[in-house]
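An overview of the molecular structure
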Amino acid sequence: MPADLSPIDKAKFLAAKRATDFVENGMKLGLGTGSTAAWMVRCLAERIREEGLRVVGVPTSSRTAQLAAQLGIPLTTLDEAKWLDMTIDGADEFDGNLNLIKGGGAALLQEKIVATASDQMIVIADAAKDVSQLGAFPLPIEVIPFGWQTTKALVEETLVSLDVLNRDVTLRMNGAAPLVTDESNYILDLHLKRIGNPRQLALVLNQIPGVVENGLFIDICDIVVIGHGDGRVTVRDINSGETEDERVEFVPTSNIFADLD
Ligand SMILES: O=C(CO)[C@H](O)[C@H](O)COP(=O)(O)O
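Just so we're clear, the structure is a prediction, and the values are computed from it rather than from any experiment. (Residues numbered from 1 in each chain as written. Predicted model: local features only at pLDDT ≥ 70, side-chain atom pairs only at ≥ 80, totals over all residues. Heavy atoms only, no water.)

1. Describing the site of the ligand
Taken together, 18 residues lie near the ligand, and Ser 35, Thr 36, Asp 92, Gly 103 and Lys 129 sit nearest. Within the backbone of Thr 33, one N or O atom sits 2.9 Å away from an oxygen atom of the ligand. A distance of 3.4 Å separates an oxygen atom of the ligand from a polar backbone atom of Ala 106. Compared with its free state, where it exposes 370 Å², the ligand has 91% of that area covered by protein. Elements with a contribution of two residues or more to the shell around the ligand: α2 (35-51) and α5 (108-116). (Near = heavy atom within 4 Å. Polar contact = N/O pair within 3.5 Å; in protein donor to acceptor, adjacent residues only side chain to side chain. Areas by Shrake-Rupley, 256 points an atom, 1.4 Å probe, with all protein chains shown as cover. Helix = DSSP H or I, 4+ residues; strand = E, 2+ residues; numbered from the N terminus.)

The structure is reproduced here in structure tokens:
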């Protein structure tokens, strides 16, 4: 077990642990991707082990599938499950309307399909992801490798037509080669600094041939659970309009860290 968690990992862990309290017996769950979602997978596995919680998970990436299987979480496919009760996932940014930028971990396509096919999406994040306006984090879009440079040029033209000032577009790399997603696509990162109208941008980007999906999640997230390094957790619910501050006991058991040893 790691001797100590950094404040940021502690915040991610607390958000993940609090979010798993929303999980009930018999649920079909979307399992997100990223470092915060990995804490959620560990916390969920612990509830399965300790309490006999019965759930089935639909992973949103090969990485999450591997971790969840290793920790003994029963898994299925979205086609088998058809519809899910809840998805718990991380985010790169969320705003006051709980609109999100996702895809920092290159899993935005499966993540958006799974979250959209869920009654509820809960985002888990550290407080640094809380922004007044989306866009400081580069917006990822997933594109088909065929003709990707043409697609990139069309994306750039679209940004010009929308009067976007900062419009640097870069191909995400994995060392010397383009990063390839689980769906065998590429990722373009849009360095926009701020996104004035996320809803419009999300719609327009998806009209461009070659763009498979963009990382803007508009009106998809219901609840965000924000972990703070000091042990506090804030739960913000967009439907009730309520925000509650709570304290979550920080008692990571050695089992939680089993896959990190
Ligand atoms: O969208 C994602 C993966 O595609 C992640 O949820 C997002 O990048 C946040 O990751 P982390 O929890 O590691 O900060």
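2. A word on the pairing of strand β1 (residues 28-31)
Strand direction decides the pairing type here: β1 and strand β2 (residues 56-59), joined by 4 bridges, are parallel. Looking across to β2, one finds that Leu 31 is bridged to Pro 59. In this fold, the crossover linking β1 to β2 by way of α2 has right-handed handedness. With 3 bridges joining them, β1 and strand β3 (residues 84-89) adopt parallel strand pairing. Bridge assignment links Leu 29 to a residue of β3, and that residue is Met 86. (Pairing = 2+ DSSP bridges. Right-handed = clockwise from strand over helix to strand, strands pointing away.)

3. Considerations on the domain arrangement of the protein
Each assigned domain of the protein is listed with its residue range as follows: domain 1 (7-130 + 219-260) and domain 2 (139-214). Centre-to-centre separation of domain 1 and domain 2, based on C-alpha positions: 26 Å. Taken residue by residue, the interface counts 13 residues in domain 1 and 15 residues in domain 2. Here domain 1 packs against domain 2, burying approximately 1100 Å² in sum over the two surfaces, 55% of which is carbon and sulfur. Per-residue buried area on domain 1 facing domain 2 is highest for Ala 106, Leu 108 and Leu 109; these three make up 43% of the total on that side. Seen at the junction of domain 1 and domain 2, the total is 2 salt bridges. Of the charged contacts, one joins Lys 112 and Glu 213 as a salt bridge, the two residues approaching to 2.9 Å between their closest N and O atoms. (Domains from an automatic or database assignment. Contact = heavy atoms within 4.5 Å. Buried area = accessible area lost by both parts, 1.4 Å probe. Salt bridge = Lys/Arg side-chain N within 4 Å of Asp/Glu carboxyl O.)

4. Points about the pattern of salt bridges
One pass over the full model with this rule turns up 13 salt bridges. Of the charged contacts, one joins Asp 21 and Arg 18 as a salt bridge, the two residues approaching to 3.7 Å between their closest N and O atoms. By relative accessible area, Arg 18 is classed as buried at 15%. Between Arg 236 and Asp 130 there is a salt bridge whose closest N-O contact spans 3.1 Å. On the criterion of sequence distance, the pair formed by Arg 236 in strand β15 (residues 232-237) and Asp 130 in the loop between β6 (118-126) and β7 (139-143) is long-range, its members being 106 residues apart. When salt bridges that share partners are traced, they join Arg 18, Asp 21 and Glu 246 into one network. (Buried < 20%, exposed > 50% of the residue type's maximum accessible area, 1.4 Å probe, protein only.)

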